[in-house]
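What follows is the residue order along each chain.
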2 protein chains.
Amino acid sequence: MEKTLGLHILADLYGVDFEKIDHVEDVKALLEGAVKYANLSKLSSHFHQFNPHGATGVILLEESHISIHTWPEHGYAAIDVYTCGGKEKTFKAMEYIIKTLKPKRIDEKIAERGVVPVNPEGVNIEKMQLAQV
Amino acid sequence: MEKTLGLHILADLYGVDFEKIDHVEDVKALLEGAVKYANLSKLSSHFHQFNPHGATGVILLEESHISIHTWPEHGYAAIDVYTCGGKEKTFKAMEYIIKTLKPKRIDEKIAERGVVPVNPEGVNIEKMQLAQV
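Only a predicted model underlies this, so the values are computations on that prediction, with no experimental measurement involved. (Residues numbered from 1 in each chain as written. Chains lettered and ligands numbered in written order. Predicted model: local features only at pLDDT ≥ 70, side-chain atom pairs only at ≥ 80, totals over all residues. Heavy atoms only, no water.)

## With respect to the overall build of chain A
The criterion, for reference: In DSSP terms, a helix is any run of H or I states spanning at least four residues, a strand is any run of E spanning at least two, and both are numbered starting from the N terminus. Only protein chains enter the area calculation, which uses a 1.4 Å probe; residues under 20% of their type maximum are buried, those over 50% are exposed, and those in between are partly exposed. Whether two residues are in contact is decided by their heavy atoms, any of which lying within 4.5 Å being enough. Residue burial considers only the protein chains on display, and all accessible areas are found by Shrake-Rupley using a 1.4 Å probe.
Counting its secondary structure elements, chain A contains four helices and six strands. Starting at the N terminus and ending at the C terminus, chain A contains elements arranged as β-α-α-β-β-β-β-α-β-α. Out of the 133 residues in chain A, the part that is buried amounts to 50%. For chain A, restricting intrachain contacts to residue pairs at least 6 apart in sequence, the fraction spanning at least 24 positions comes to 63%. Here chain A has roughly 6,500 Å² of accessible surface; of this, 53% comes from carbon and sulfur atoms.

Structural data, given as structure tokens:
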């Protein structure tokens with residue numbers, strides 16, 4: 001028996017309005033909004049304004065992280081939503097970001113992160129129980 | 001003419017020694033070491049200790065970010081190295097992390113992030129020059 005620890009969505013958003021992704025305060029509000037909308041648990045958030053254009057930032061979560069890097073001169077934003085503990089929250093956070101930025105085109109990839117035994121000791125519990133019968 | 005803005009390596013490391021990824025100070029030293037080894041430019045770094053086990057953290061870079069999330073009870077660490085401006089640094093940073101953690105198995109994915117026109121205005125410079133001849 002195995003389980004997957006996390007789900008990671010990588011989204012490249014093209015054709016985003018310059019003004020929506022140029023300033024760090026807007027980019028921060030975007031990610032903070034996504035965390036609230038998806039009911040994720042924020043540990044801390046960190047953002048930086050580039051000159052002349054664009055911003056970068058991450059929110060560390062109990063469930064992993066959300067990050068953004070923007071190139072407003074290209075109308076481009078790179079978004080990562082990587083969460084453990086429920087796929088629904090991952091998709092909800094990305095849904096919020098896409099609805100807010102309204103990109104003309106999205107290139108999205110999904111990666112399952114961390115496939116591990118259900119029992120971390122690696123012991124097959126089902127077989128053990130069977131042996132006792 | 002197009003160019004790719006960034007290269008993103010997602011690495012799931014399995015079979016990592018518990019002690020190497022349990023404490024936030026070790027995890028922080030690992031990522032700080034990778035940034036120095038690859039000659040990347042740190043903006044800021046942020047880490048968090050989980051209880052009873054594991055840590056999470058990110059270093060924001062001029063070139064994007066490096067992140068880590070660990071589950072020492074599974075011998076598992078999720079690493080992201082995402083940089084723009086030169087593929088060599090991306091691979092060097094990941095090389096440092098893998099050499100330090102010595103995982104028994106690696107599941108690695110590589111994503112090119114952000115394919116944009118060389119000229120952000122979308123004007124074909126070659127054609128313009130040709131027209132002037």
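## Structural notes on the relation of the copies chain B and chain A
This is how the line gets drawn: The least-squares superposition of copies is restricted to C-alpha atoms, and to residues with a pLDDT of at least 70 in both copies.
With an RMSD of 0.0 Å, the fit of chain B onto chain A corresponds to turning through 180 degrees and sliding 0.0 Å along the axis. In short, the pair behaves as if placed about a two-fold rotation axis. When the interface residues of chain B are mapped onto chain A, 100% of them are again interface residues, pointing to one common binding face.

## Observations concerning the UniProt feature "active site" in chain A
Convention followed: UniProt positions are given in the numbering used here, feature names are shortened, and annotations may be inferred rather than shown by experiment. Think of a polar contact as two N or O atoms within 3.5 Å of one another; within protein, one of them needs to be a possible hydrogen donor and the other a possible acceptor, and neighboring residues in sequence only count if both atoms come from side chains.
When the UniProt feature table is mapped onto this chain, "active site" is found at A:Ser64, A:His69 and A:Cys84. Considering the arrangement of structural elements, one finds A:His69 in strand S4 (residues 64–71). According to the relative accessible area criterion, A:His69 is buried, its value standing at 2%. Here the side chain of A:His69 touches A:Thr56 through a polar contact of 2.3 Å, side chain to side chain. By secondary structure assignment, the location of A:Cys84 is in strand S5 (residues 76–84). The class for A:Cys84 is buried, based on a relative accessible area of 16%. Apart from residues no more than four positions distant in its own chain, A:Cys84 is found in contact with A:Leu5, A:Gly6, A:Glu62, A:Glu63, A:Ser64 and B:Trp71.

## With respect to the UniProt feature "modified residue: Pyruvic acid (Ser)" in chain A
Per the UniProt entry, the sites bearing "modified residue: Pyruvic acid (Ser)" are A:Ser64 in this numbering. Along the polypeptide, A:Ser64 turns up in strand S4. You can call A:Ser64 buried: its relative accessible area is 3%. If near-sequence neighbours (up to four positions away) are discounted, A:Ser64 is found in contact with A:Ile59, A:Tyr82, A:Thr83, A:Cys84, B:His69 and B:Trp71.

## Description of the sheet that holds strand S2 (residues 42–49) of chain A
All names here are of chain A. Rules: A pair of strands is labelled paired if DSSP reports no fewer than 2 bridges between them. As a rule, the C-alpha atoms of each element are fitted with a line to give its axis, helices using only the stretch in contact, and angles between N-to-C directions run from 0 to 180 degrees.
Reading across from one edge, S2-S3-S4-S5-S1-S6 is the order of the six strands in this open sheet, with antiparallel pairing throughout. The open sheet has two free edges, formed respectively by S2 and strand S6 (105–117), since each of these has just one partner strand. Strand-to-strand, the axes of this sheet are offset by a mean angle of 10 degrees, without reference to chain direction. As paired strands, strand S3 (residues 55–61) and S4 are joined by six bridges and run antiparallel to one another. Paired with leucine 60 across the two strands is histidine 65, which belongs to S4. Across the face of the sheet, helix H2 (residues 24–37) comes into contact with S2, S3 and S4 while running at roughly 160 degrees to S2. In the packing of helix H3 (residues 87–101) onto the sheet, contacts are made with strand S1 (2–14), S4, S5 and S6, and the angle to S1 comes to roughly 5 degrees.

## Thoughts on H2(A)
Residues and elements named next belong to chain A. Heads up, the condition is: Helices are assigned an expected span. That span is 1.5 Å times one less than the residue count.
Here H2 is 14 residues long and its end C-alpha atoms lie 20 Å apart, about the 20 Å a rise of 1.5 Å per residue gives. Looking only at H2, the buried set comprises Val24, Val27, Leu30, Leu31, Glu32, Gly33, Ala34 and Val35. Those residues of H2 that are buried are in contact with helix H1 (18–22), S2, S3, S4 and H3. Taken from the residues just after H2, asparagine 39 is the one with a positive phi, measuring 60 degrees.

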